[in-house]
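Coordinate analysis (summary)
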Amino acid sequence: MMTSMLEPGQIIGILGGGQLGRMLAQAAAQFGFHVIIYCPDEQPPAAEVADQHICAAYHDPDALLAFAQRCDCITYEFENIPVETVALLAQHKPVWPDARALNVAQDRLTEKQFIQGLGIPVAPFVAIDTREALASALAEMGGTGILKTRRLGYDGKGQWRLDAQSDLDQIFDDTQGQALILEGLIAFERELSVIIGRGIDGQIACYDPALNVHRNHILHTSTVPAPVSADDAAHIRDIGTKISSALEYVGVLAVELFMTSDGFMVNEIAPRVHNSGHWTLDACGTSQFAQHIRAISGWPLASPTRHSDARMTNLIGNDVDKWPTLIREPDHCLHLYGKSEVKAGRKMGHVTHIMPLGTIG
Ligand code: AMP
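Residues numbered from 1 in each chain as written. Predicted model: local features only at pLDDT ≥ 70, side-chain atom pairs only at ≥ 80, totals over all residues. Heavy atoms only, no water.

With that out of the way, let us pick up the pairing of strand 6 (residues 145–149). Within strand 6, five of the five residues are buried, which leaves it mostly tucked inside the rest of the structure. Of the two faces of strand 6, both are covered, the one formed by Gly145, Leu147 and Thr149 as well as the one formed by Ile146 and Lys148. Pairing analysis gives four bridges linking strand 6 to strand 7 (residues 159–162), with the strands arranged antiparallel. Note on strand 7: the bridge partner recorded for Leu147 is Trp160. (Buried < 20%, exposed > 50% of the residue type's maximum accessible area, 1.4 Å probe, protein only. Helix = DSSP H or I, 4+ residues; strand = E, 2+ residues; numbered from the N terminus. Pairing = 2+ DSSP bridges.)

As structure tokens, this is what we get:
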């Protein structure tokens, strides 16, 4: 639909108003674009740094039409935007990434089938419809597994680890009729991710893979370089490239992987900028946010090369109280998201410690 490049002064619409939208809006401003945030919340973090905020539901056709009319190009900052919303907007203005990427990524079953279809390993999986199907699939997997809702799970929500002691009746009740997938439990050595930018013309810019450590199911740190060989890093980039090319993806895509003794497996993909790519803000000339804006604007992608080693640490809940110390630490780049209310488990900001190349690996 879009054949030409956006020009500075034009308007980018962002669905979603969280910290990812905020950092996308800041990147858009760097290039002189104006930003409208569309988000049902009243004071979302992204709206503080944007030109306008449309506060309306994702299913409000009139508000969506008004939004589309004002924008030159539209994107989103989280993958749980209804596909119908994106389809409706796409009738009026270019929306990147398109509905295909969203469809694949919103359902863990479709996502696994798609990735496996590309010849890329994923955890063994079975779609689950009944309590009986769960029991027999679990037995076939050797008695352990992770039951996940196919849709709308994040940060470990909508997941149940199962073993011989699990009360399957109770767990099946807890799933409240949601569509489910059972995955084999992978004894991974490490968790990694890779951020890939893909332009409208198919140009690819792949960042270095990061090593991710989670705490309480929430990302705690991302470190680059990840402790993998140059060959493995190239292999991970190939996986990311293959997935984004197969989707004819436009924008920045995140691919999360397990490193096992048998090689790499894709856990999931996110059709958006990603928490495990925040280090690119301070360790690269062009961040994932700027790259995404370039991609959806039809601009050529910039180099994803790293000029520093980096460790990004999320500031979750009260961690944000450390800001007075963090601003005194040399080479620590602090990013706060402007959220007034501190809540347990809430991402309040992040800090990236940058180090000379070669310090980490
Ligand atoms: P997800 O929401 O799929 O990213 O899962 C959240 C976390 O649960 C991952 O980061 C892993 O630490 C863990 N996990 C998810 N799926 C599996 C699996 N099949 N085997 C082992 N651990 C898993």
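All right, on to the packing of helix 4 (residues 99–106) against helix 5 (residues 108–117) then. Two elements in contact, helix 4 and helix 5, have axes whose closest approach is 5 Å; the angle formed by their N-to-C orientations is 105 degrees. Relative to helix 5, the element helix 4 lies roughly perpendicular. From helix 4, Arg100, Asn103, Val104, Ala105 and Gln106 reach across to helix 5, where they touch Arg108, Thr110, Glu111 and Phe114. Per-class residue counts for the contact of helix 4 with helix 5 are three nonpolar, three polar and three charged. (Axes fitted to C-alpha atoms, helices over the stretch in contact; angles between N-to-C directions. Parallel < 35°, antiparallel > 145°, perpendicular 65-115°, else oblique. Contact = heavy atoms within 4.5 Å. Nonpolar A, V, L, I, M, F, W, Y, C, P; charged D, E, K, R; others polar.)

On to the sheet that holds strand 7, then. Taken together, four strands build an open sheet; the order of strands is 5-8-6-7 and the sheet is antiparallel. This sheet does not close on itself; its edge strands, each paired only once, are strand 5 (125–128) and strand 7. The mean inter-strand angle of the sheet, taken between neighbouring strand axes irrespective of direction, is 20 degrees. Here strand 6 pairs with strand 8 (residues 180–183) via four bridges, running antiparallel. In the strand pairing of strand 8, Thr149 is matched with Leu180. Strands in contact with helix 6 (residues 131–140) are strand 5, strand 6, strand 7 and strand 8; relative to strand 5, the strand with the most contacts, it is inclined by about 165 degrees.

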